[in-house]
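Now for the letters of each chain:
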Amino acid sequence: MTSTSSADGSLIQVRDLHRTFTVRRKTSRFRGVRDEVVAVHDLTFSVEVGEMVGYIGPNGAGKSTTIKMLTGILVPTDGSLSVAGLDPSRQRTELARHLGVVFGQRTTLWWDLPLRDSFAVLQKIYRTSPERHRANLAEYVELLDLGDLLDTPVRQLSLGQRMRGDIVAALLHDPEILFLDEPTIGLDVISKGRLREFLRTLNAERRTTLMLTTHDLQDIEALCDRVIVIDHGTAVFDGPLADLHTQGGSTRTLVVDLVDEAPAISVPGAVTRRVEGPRQWLSFPADASAAPIVAAVAAAYDVADLSIQEPDIEDVIREIYQR
Ligand SMILES: Nc1ncnc2c1ncn2[C@@H]1O[C@H](COP(=O)(O)OP(=O)(O)OP(=O)(O)O)[C@@H](O)[C@H]1O
């Protein structure tokens, strides 16, 4: 499918977007008042073809509401919105041909059908040509290693297998944009790695634009050139992940297991935060390289093991809000 973009050339354009919900709150047994919840306000950003954007923020920040407006499920209260040159809520059916949507927590596949049949139903829904469908199915099934599972009913698949099935389902009609909501949640390290590798390949080879919400900083590090942080319905940061770390002042942790107990390690570029028997925790700026610190520790101490802990994305975001 060819790329379609808005008048200014962006694939996704969001300008001064607002969405409020009216909720009824009971004040007594028979009375209630109407409250307005502002889920999204003054939200402006645009995404270009081929970008991989992380859309992150604390619970209740407005991420799902934004994605629902971008996919046409919810109508904005105010502001303007264009996705692949279309107005999502007015042209939802047409837009669906340009979009793939994957939710880590729920499946879009038919629970009782074998994967193969779910994919066949999707071909009918999207009216993908049989040749295109066959070619995409063969390629994605191979890349995501689903060949042996095509005849297995979805309910019998593991979470990781089902997730791969969901990704294939979202891509069979060649969408230009893929929205992913917590795509690696609950997956083991190997499955996470494989999925990230697949998404990188998809973006590199087909220039598919990715927008993902996640609480996993490693998803963002592996995939996203750019991060948009949303809080209380509005964007509070939009830029490269490295800048987010700098702004947040976040740190990574080098966990060192020494052969023997020792006083707090002292090496340039890191601060020892904790010592527990032979194990020590050293923190260093998240945007600095771990290599010189690891080398300095290894040169001066007898090391049994080393590992690096990434900062939690929530911590990074919290740091920004506290500034
Ligand atoms: N249908 C609705 N009716 C009323 N309020 C809603 C509705 N949907 C969302 N909200 C409110 O809008 C705000 C933003 O919710 P949203 O689900 O977009 O946040 P989120 O960033 O996706 O959160 P999470 O990370 O927990 O999924 C919240 O205060 C939420 O309670």
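Residues numbered from 1 in each chain as written. Predicted model: local features only at pLDDT ≥ 70, side-chain atom pairs only at ≥ 80, totals over all residues.

- An unreviewed UniProt entry lists the protein under the name ATP-binding cassette domain-containing protein, with Nocardioides agariphilus as the source organism.

1. Considering the pairing of strand β8 (residues 226-231)
Argument step 1. In terms of residue burial, β8 counts as a mostly covered element, since 5 of its 6 residues are buried.
Argument step 2. As defined by bridge partners, strand β3 (residues 52-56) adjoins β8 across 4 bridges and the pair is classed as parallel. Bridge pairing in β8 places Y55 opposite I228.
Argument step 3. Across 5 bridges, β8 lies against strand β9 (residues 234-239) in antiparallel orientation. Residue pairing across strands places V229 opposite F237, the latter belonging to β9.
Argument step 4. Taking the residues between adjacent antiparallel strands as the criterion, β8 and β9 are bridged by 2 residues, where H232 takes a positive phi near 45 degrees. (Buried ≥ 20, exposed ≤ 12 C-beta atoms within 10 Å, placed from the backbone. Helix = DSSP H or I, 4+ residues; strand = E, 2+ residues; numbered from the N terminus. Pairing = 2+ DSSP bridges.)

2. Thoughts on the pairing of strand β10 (residues 251-258)
Argument step 1. The pairing of β10 with strand β12 (residues 279-285) spans 7 bridges and is antiparallel. Pairing of V256 across the sheet is with Q280, part of β12.
Argument step 2. The pairing of β10 with strand β13 (residues 303-309) spans 6 bridges and is classified as antiparallel. In the sheet register, L254 faces β13, and the bridge partner there is I308.

3. Remarks on the environment of R162
Argument step 1. Looking at the element boundaries, R162 is found in helix α5 (residues 159-171).
Argument step 2. With 19 C-beta atoms packed within 10 Å, R162 lands in the partly exposed category.
Argument step 3. In this structure, R162 is in contact with T107, V154 and L157, ignoring residues within four places of it in sequence. (Contact = placed C-beta atoms within 7 Å.)

4. Digging into unusual backbone geometry
Peptide bonds are, in most cases, trans, and in most cases residues other than glycine have a negative phi.
Argument step 1. With phi around 45 degrees, D16 is a residue other than glycine that occupies positive phi space.
Argument step 2. Mapped onto the elements of the fold, D16 is located in strand β1 (residues 12-26).
Argument step 3. Given 13 C-beta atoms within 10 Å, D16 falls into the partly exposed group.
Argument step 4. At D174, a residue that is not glycine, the phi angle is positive and equals roughly 60 degrees.
Argument step 5. Here D174 shows up in the loop between α5 and β6 (177-181).

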